[in-house]
Amino acid sequence: MGFWNLYFIAKIYLAAAGKLRPLWWLNLLFALALIVPLRQRSLRVLRLVLAVLAGAALAYRESDLPPFAYVLRQIPALAAFSPTYMMELARRIFTPAMVYVPLVAVAAYAVVNRWVRVTTFVLLALVLFPLWEGVEALAAKVTTPSGYADNAGANTSAAGAGANGSTGSYDEQLAAFHQSEKNRRVAFFPMDADPAAQFDIIVIHICSLSWDDLEVVSMSDNPLLSRFDYIFKNFSSAASYSGPAAIRVLRASCGQQAHQDLYSPAPQDCHVFADLAAAGYDVQFMMNHDGHFDDFRGIVEREIGPAGLQPQSTEGLPVAMREFDGSPLVGDFDALAKWYQGRIDKGGGPVALYYNTVTLHDGNRLPNSNLSSQQSYPMRLKSLLGDVDRLIDLIARSGRKAVVVFVPEHGAALRGDAGQISGLREIPTPRIIHVPVGVKLIGLPVAAHRQGPGVVIDTPTSYLALAQLLSALVAHSPFRADAPPLQQYATDLPQTRMVGENENTVTLSTPNGYVIHTPDGVWMEGK
């Protein structure tokens, strides 16, 4: 087989390292086809051309890369990336090792092949390796029960019991989870009739921030986190891309939908901002970007609830940085402070604002800086957290009452995962969907001011729990002198098993970690 032996040796090594899932019988047939002697040069050339195409297609199929049809559909989006961002991505993918390791391997093979019949050992390995894997799988099946009970996700909320503790195969558990989530709802009731007890709600939806990202940049103890009156320590964003994440948070009043259902109309009572409008709120939305990429603005306009809403203007604000596609971004405090001043000047009843920021998005560039987006991430994160801190102080100084909700869309994947480079979020792993969510109550009566840390919610939760907390705050204002203790609002919040979903991939939490449902329908242990 000549240098084709290196192709199969590389596959065997990657399979042993857990980075490839070869279809062994196809590889064996492929190898046998390559060793069939052909006398005519034209046939040998034709076989070589077909072998290169078949070998590349087979290796792609066996990798963790998304289906090729999906990749083709992403080309228009990739075309929108700035040249600088494309170069940054290329540097992440192509490392010096990808050049010198193959050169060393080729040189070593050229020497060894003179003394050893490498083809014989490769064919033997292609037969023995799958047999060894089969024996290991059989042993694991004998020693491991067919199902398990995940009691950590048992739901005790009146908002509905989810399939958070499941038994059976992973397919059965996922189906049971989706079926149970369809029946879960959070109801909203009219706000407190006393104007002195009414308050604004400001939802700050943040692109690219997870607990793991905070750990990577050593900001897990940022002062802002300690200011929250409620902090969700085990919150699942469910999605790892902005569009689906926006739909999920805007449909927070219902249980977690399967990814494919996000693009079908949802019942009106699923739209949390429509619920807030019915409760008496003036609903508004704003972004620190233009929202054109991947039709993000259109998604928000369709999903926020009240029809015909247009984003609040950020015109006239200075450009803070450039987005990954070259479009301008404004600073978060600048945008929110401008909106808040307008809100005060206008007066009127309580307002519910949905604000989306992409300050932390991969590929963003600071002005007059040569830093890559990953190098500037800590600076951008520090600025964002500081801006939210300043907003809290601004509202407090105004003397008005507000509830600020800090909820990320998904993580930035700074660390990367097995099977995907840093910044890639096709596999919605816990590192990406385990996000920090906080709620700050501004303007509480002196008697209600908390002493010490805020209320920590460490049970498995998602958007339904956040909607339940907001519903309780709206129905029984915490700003009344006779309001119950803050802890009481967080009692029995609905729990949700951590299930991440994208178009082609699903992740499912287990007692010992998580499993991945790959595009070809196989469940595999996450790493």
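Scroll up a little and you will see the structure.
Along every chain, residues carry numbers that run from 1 in the direction the sequence is written. This being a predicted model, a pLDDT of at least 70 is required before a residue's local features are given, and a value of 80 or more before pairs of side-chain atoms are given or counted; all residues contribute to the totals for chains, interfaces and linings. Excluding hydrogens and water, the side-chain figures rest on all heavy atoms present in the structure.

Enquirer: Break down the sheet that holds strand β11 (residues 506–510) for me, citing the residues and quoting the values.
Expert: What holds strands together in a sheet is hydrogen bonding between their backbones, with the strands either parallel or antiparallel. One open sheet accounts for four strands, arranged β10-β11-β12-β13; its pairing is antiparallel. Edge positions in the sheet fall to β10 (499–501) and β13 (523–525), since each has one partner strand and no second. The mean angle between the axes of side-by-side strands here comes to 20°, regardless of whether they run parallel or antiparallel. Should DSSP find at least two bridges between two strands, the strands are regarded as paired. Labels follow the DSSP assignment, with helices taken as runs of H or I lasting at least four residues and strands as runs of E lasting at least two, numbered in each case from the N terminus. Bridge count between β10 and β11: three bridges; the pairing is antiparallel. Think of each axis as a best-fit line through the C-alpha atoms, taken over the contacting stretch in the case of a helix, with angles from 0 to 180 degrees between the N-to-C directions.

Enquirer: Provide a residue-level description of helix α12 (residues 242–250), including the pertinent values.
Expert: Taken across its nine residues, α12 has nine buried, putting it largely inside the fold. Throughout this description, buried means an accessible area under 20% of the type-specific maximum (1.4 Å probe, protein chains only), exposed means over 50%, and partly exposed covers the range between. For α12, the set of buried residues is Ser 242, Gly 243, Pro 244, Ala 245, Ala 246, Ile 247, Arg 248, Val 249 and Leu 250.

Enquirer: Run through the side chain of His 205, naming residues and quoting values.
Expert: Tracing the backbone through its elements, the reader meets His 205 in strand β1 (residues 200–206). A distance of 2.8 Å separates a polar atom in the side chain of His 205 from a polar atom in the side chain of Tyr 354. Every residue pair with non-hydrogen atoms within 4.5 Å of one another is taken to be in contact. Beyond its immediate stretch of four places on either side in the chain, His 205 contacts Ala 245, Ala 246, Val 249, Tyr 354, Tyr 355, Asn 356, Thr 357, Val 407, Pro 408 and Glu 409. The definition of a polar contact used here is a pair of N or O atoms within 3.5 Å, where within protein one atom must be able to donate a hydrogen and the other to accept one, and adjacent residues in sequence count solely through side-chain atom pairs.

Enquirer: Which residues make up the packing of helix α15 (residues 332–346) against helix α16 (residues 373–398), and what values do they have?
Expert: Their axes nearest at 9 Å, the elements α15 and α16 cross at an angle of 20°. Here α15 is positioned roughly parallel relative to α16, judged by the angle of their axes. Note that α15 runs across α16; the crossing there is right-handed. Here Asp 332, Phe 333, Leu 336, Ala 337, Tyr 340 and Ile 344 of α15 come into contact with α16, specifically with Leu 384, Asp 387, Arg 390, Leu 391, Leu 394, Ile 395 and Ser 398. A class-by-class count of the residues in the contact of α15 with α16 yields nine nonpolar, one polar and three charged. Orientation labels follow simple angle bins: below 35 degrees gives roughly parallel, above 145 gives roughly antiparallel, 65 to 115 gives roughly perpendicular, and whatever is left gives oblique. In a left-handed crossing the near helix is turned counterclockwise from the far helix by less than a right angle, and in a right-handed crossing that turn is clockwise. Note on residue classes: Ala, Val, Leu, Ile, Met, Phe, Trp, Tyr, Cys and Pro are nonpolar, Asp, Glu, Lys and Arg are charged, and everything else, Gly too, is polar.

Enquirer: Can you tell me about the sheet that holds strand β7 (residues 402–408), naming the residues and giving the values?
Expert: In spatial order, the strands read β3-β6-β1-β7-β8-β2-β9; together these seven strands make up an open sheet with mixed pairing. Across the chains shown, the open sheet's two edge strands, defined by having one partner strand only, are β3 (282–287) and β9 (455–457). On average, each strand axis in the sheet is inclined to that of its neighbour by 15°, with strand direction left out of account. Sheet analysis places strand β2 (residues 230–236) next to β9, joined by three bridges and oriented parallel. Its bridge partner being in β9, Tyr 230 is matched across the sheet by Val 455. Its contacts with the sheet put α15 on β1, β3 and β6 (351–357), and the angle it makes with β6 is roughly 165°.

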